[in-house]
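Coordinate inspection notes
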Amino acid sequence: PSAGVLEIIISHEGRQNSATESMHRDLANVWRAVDTDAAVRAVAAEMAALVRAHPRAVLGLASGDTPLGVYRELARLHREEALDFSGVHTFNLDEYSGIAVDDPRSFHSAMRTHLFDIVGLPPSRTHFPDEWATGDEFEQAIHSAGGIDYQLLGIGRNGHIGFNEPGSPITSRTRRVALTAVTREDAARTFGGVDRVPTHAVTMGVATIREARRVRV
């Protein structure tokens with residue numbers, strides 16, 4: 001990335017092959033974890049260290065299944081080691097279009113359930129791209145907060161990050177996008193059928209993600 005440090009964590013349980021890993025080594029720092037639990041603990045420890053050193057840190061967060069272990073570990077650190085999130089701002093990568101924030105299938109709801117309510121982060125300090133009239137306003141909010149210090153990413157089955165589907169321009173910014181058939185199929189269980197999955201979403205752009213000071217995949 002042009003502004004931050006991209007680091008890829010691979011656990012021995014993962015399916016990354018040596019050829020792909022070699023390619024990634026030319027583009028980013030790659031750290032091989034013993035297993036998924038070790039990767040989760042390492043990422044959560046980094047985020048906790050950042051928050052302790054910079055109580056007003058700005059975190060970029062992902063939704064979906066991939067980061068849930070990290071959120072559980074952050075919740076444990078809050079509960080058992082008094083990790084204080086009261087000064088933190090968060091910016092989530094994405095949200096489905098046309099879904100209410102209190103819908104249990106929304107990323108708003110998932111983040112409140114798995115992290116925000118547990119660590120005491122109020123809505124005024126948690127931000128999603130669908131809350132703004134335009135993508136430019138969301139980008140400005142990130143800028144006004146000082147930029148993202150630490151961006152956590154997952155990778156979809158077809159390689160998407162956020163809802164930047166394959167082929168998204170590297171210069172892309174926050175915008176409304178159409179979801180691919182693969183992405184909608186993967187969400188079908190949550191929505192009770194692929195026909196009930198929204199066809200569009202709002203996502204942080206690739207260029208926006210790349211501007212974070214540190215990116216963890």
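Higher on the page you've got the structure.
So, here's what we can say about the structure. Nothing here was measured: the structure is a model prediction, and the numbers come from that model.

What to know about the pairing of strand S9 (residues 200-203)
Judged from the three bridges that link them, strand S5 (residues 94-96) and S9 form a sheet pairing that is antiparallel. Each bridged residue has a counterpart across the sheet, and for Glu95 the counterpart in S9 is Val202. Relative to S9, strand S8 (residues 175-178) runs antiparallel, the two sharing four bridges. Within the sheet, the bridge partner assigned to Arg175 lies in S9 and is Thr203.

Some words on the side chain of Thr126
Checked against the element boundaries, Thr126 lands in strand S6 (residues 126-127). Under the relative-accessibility criterion, Thr126 is labelled buried at 6%.

With respect to unusual backbone geometry
Negative phi is the rule for most residues except glycine; trans is the rule for most peptide bonds. Residue Ala82 is not a glycine yet carries a positive backbone phi of 60 degrees. One can find Ala82 in the loop between helix H3 (68-81) and strand S4 (89-92).

Details of helix H5 (residues 135-144)
Along H5, the residues classified as buried are Gly135, Phe138, Glu139, Ala141 and Ile142. Buried residues along H5 cover an arc of 155 degrees about the axis, so they all sit on one side. Facing away from the buried surface of H5 by more than 90 degrees, the exposed residues are Asp136, His143 and Ser144. Of the residues trailing H5, Gly146 is marked for its positive phi of about 105 degrees.

Quick word on the pattern of salt bridges
Close approach of charged atoms lets side chains of opposite charge pair. Scanning all chains against the criterion turns up 14 salt bridges. Linking Glu46 and Arg214 is a salt bridge whose minimum nitrogen-to-oxygen distance equals 3.3 Å. Here the residue Glu46 occupies a position in helix H2 (residues 36-53), and Arg214 occupies one in strand S10 (residues 214-216), the gap between them amounting to 168 residues. Taking relative accessible area as the criterion, Arg214 reaches 30% and is therefore assigned partly exposed. Between Arg76 and Glu80 there is a salt bridge, with its nearest N and O atoms 2.8 Å apart. Separated by four residues within a single helix, Arg76 and Glu80 lie in helix H3, roughly one turn from each other. A cluster of three or more residues bridged by salt bridges with shared partners is formed by Arg52, Glu73, Arg76, Arg79, Glu80 and Glu81.

Notes on helix H4 (residues 107-119)
The terminal C-alpha atoms of H4, which comprises 13 residues, lie 17 Å apart, in line with the 18 Å expected from a rise of 1.5 Å per residue. The axis of H4 is deflected most strongly, by about 55 degrees, at Thr113. Immediately beyond the C-terminal end of H4, within one or two residues, lies Gly120, with a positive phi of roughly 80 degrees.

Structural notes on the pairing of S4
Residues His89 and Phe91 line one face of S4 and the alternating positions Thr90 and Asn92 line the opposite face, and both faces are buried. In terms of strand pairing, strand S3 (residues 58-61) meets S4 through four bridges, oriented parallel. Its bridge partner lying in S4, Val58 is registered against His89. One ladder, built from two bridges, connects S4 with S6; its direction is parallel. Looking across to S6, one finds that Thr90 is bridged to Thr126.

Some words on the packing of aromatic side chains
Under the definition given, this model contains six aromatic pairs. With 5.7 Å between their ring centres and 70 degrees between their planes, Phe91 and Phe138 make a pair best called edge-to-face. Here Phe138 lies in helix H5 and Phe91 lies in strand S4, a separation of 47 residues in the sequence. The same class applies to Phe91 and to Phe138, which are both buried. Summarising the aromatic geometry, the rings of Phe107 and Phe163 are spaced 6.0 Å apart at their centres and angled 25 degrees between planes, so their arrangement reads as stacked. On the criterion of sequence distance, the pair formed by Phe107 in helix H4 and Phe163 in the loop between strand S7 (150-152) and S8 is long-range, its members being 56 residues apart. Residue Phe107 shares its accessibility class with Phe163, and that shared class is buried. One aromatic cluster is present, formed by Tyr96, Phe107, Phe163 and Phe191 through successive ring pairs.

Rules of the game
Residues numbered from 1 in each chain as written. Predicted model: local features only at pLDDT ≥ 70, side-chain atom pairs only at ≥ 80, totals over all residues. Heavy atoms only, no water. Pairing = 2+ DSSP bridges. Helix = DSSP H or I, 4+ residues; strand = E, 2+ residues; numbered from the N terminus. Buried < 20%, exposed > 50% of the residue type's maximum accessible area, 1.4 Å probe, protein only. Arc of directions from axis to C-beta. Salt bridge = Lys/Arg side-chain N within 4 Å of Asp/Glu carboxyl O. Expected span 1.5 Å × (residues − 1). Bend = angle between axes of the 7 residues up to and from the residue. Phe/Tyr/Trp six-rings, centres within 6.5 Å; stacked < 30°, edge-to-face > 60°.

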